[in-house]
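Now for the letters of each chain:
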Amino acid sequence: MTLSVLIDEATIARRVKEMAAEISRDYADQEELVLVGVLRGAFIFLADLARRLTIPRRVEFVALQSYQGTTSGAVRVLMDLESDIRGKHVLIVEDIVDSGRTVRYLMENLKARGPASVRICTFVRKQRRESADIDVDYLGMEIPDAWVVGYGLDYNDQYRTLPYVAKLEI
Ligand code: IMP
Ligand code: MG
């Protein structure tokens, strides 16, 4: 297996800083923003992004699992939020949007709890037709439809803590 760097550390840092500035501007008038990180992949991006925000914010996590061996796109909650998000402004923080099933499910699940708003922030999105209809509010970068690792993203739990995003050639 070989790795080829797709997004280097400096580029990641620059983009995260820009995204944090944009989010901080957009939520400047709100009392608080609840960041919902999707475990495990989003933990590094969330840590970087959250520390760059200049607005009041709180960090929550969910852990989700896609059902294996089905094409229904069903998703299961392995670990839920600890706090009530009713009336709160919520930002889903994801590492990657591929088919878009995970964020679509989470969006519907969170909306049902009566938050003031729910938006989606993802560090990367794959360029494929199916994910095009997912309304991502904050996007770090579009990437080719390949398997990528690093910066939270894994391949069988490997490569997750690489400081850059790389394409994995198997
Ligand atoms: P979805 O297809 O948009 O629902 O993505 C489901 C999940 O698959 C993501 O949250 C990631 O955890 C994982 N995933 C999709 N593509 C990649 C990839 O290229 N590298 C690592 N994980 C991925
Ligand atoms: Mg993920």
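Rules behind the numbers
- Along each chain, residues carry numbers from 1 onward, in the same order as the chain's sequence is written.
- Going through the entries in the order they are written, you letter the chains from A and number the ligands from 1.
- Side-chain atom pairs in this predicted model are given and counted only at pLDDT of 80 or more, local residue features only at pLDDT of at least 70, and totals for whole chains, interfaces and linings cover all residues.
- Computation of side-chain values covers all heavy atoms of the structure but excludes hydrogens and water.
- Metal coordination here is assigned from N, O and S atoms located within 2.8 Å of the ion, or within 3.2 Å for Na, K and Ca; omission of water means that sites may look incomplete.
- Only protein chains enter the accessibility calculation, which uses a 1.4 Å probe. A residue is then buried if its area is under 20% of the maximum for its type, exposed if over 50%, and partly exposed in between.
- Elements are defined by DSSP. Helices are runs of H or I of four residues or more, strands are runs of E of two residues or more, and each kind is numbered from the N terminus.
- An arc is given here, and it is the one of the directions from the helix axis to the C-beta atoms.
- Should any heavy atoms of two residues lie within 4.5 Å, those residues are counted as being in contact.
- Any two strands with at least two DSSP-identified bridges between them are counted as paired.
- Comment: axis = line fitted to C-alpha atoms, over the contacting stretch for helices; angle = value between 0 and 180 degrees taken between N-to-C directions.

Student: Give a description of the coordination of the magnesium ion (ligand 2) that names residues and reports values.
Tutor: Ideal geometry at a metal gives 109.5 degrees between four tetrahedral donors and either 90 or 180 degrees between six octahedral ones. The protein atoms that coordinate the magnesium ion (ligand 2) are Glu94 (OE) and Asp95 (OD), at distances spanning 2.5 Å. Here the two residues Glu94 and Asp95 agree in accessibility, since each one is buried.

Student: Break down helix 3 (residues 101-111) for me, with residues and values.
Tutor: What helix 3 keeps buried is the set Val103, Leu106, Met107, Asn109 and Leu110. Each buried residue of helix 3 lies within a common arc of 170 degrees when the element is viewed along its axis, so the set occupies one face. Against the buried residues of helix 3 lie strand 2 (33-39), strand 3 (57-66), strand 4 (75-79), strand 5 (89-97) and strand 6 (117-126).

Student: Quick rundown of the sheet that holds strand 8 (residues 148-149)? Include the residues and the values.
Tutor: Reading across from one edge, 1-9-8 is the order of the 3 strands in this open sheet, with antiparallel pairing throughout. Strand pairing shows two members of the sheet lacking a second neighbour, strand 1 (2-7) and strand 8, which therefore form its edges. Relative to strand 9 (residues 165-169), strand 1 runs antiparallel, the two sharing 5 bridges. Across the sheet, residue Ile7 finds its bridge partner in strand 9, namely Val165.

Student: Explain the sheet that holds strand 5 residue by residue, including any values.
Tutor: Taken in spatial order, the 6 strands make up an open sheet running 4-3-2-5-6-7, and their pairing is mixed. Edge strands, defined here as strands with exactly one partner in the open sheet, are strand 4 and strand 7 (138-143). Across the sheet, the axes of successive neighbouring strands diverge by a mean angle of 30 degrees, strand direction being ignored. Lying on the sheet, helix 3 is in contact with strand 2, strand 3, strand 4, strand 5 and strand 6; it crosses strand 5 at an angle near 165 degrees.

Spatial relationships are all this shows, so hold off on functional conclusions.
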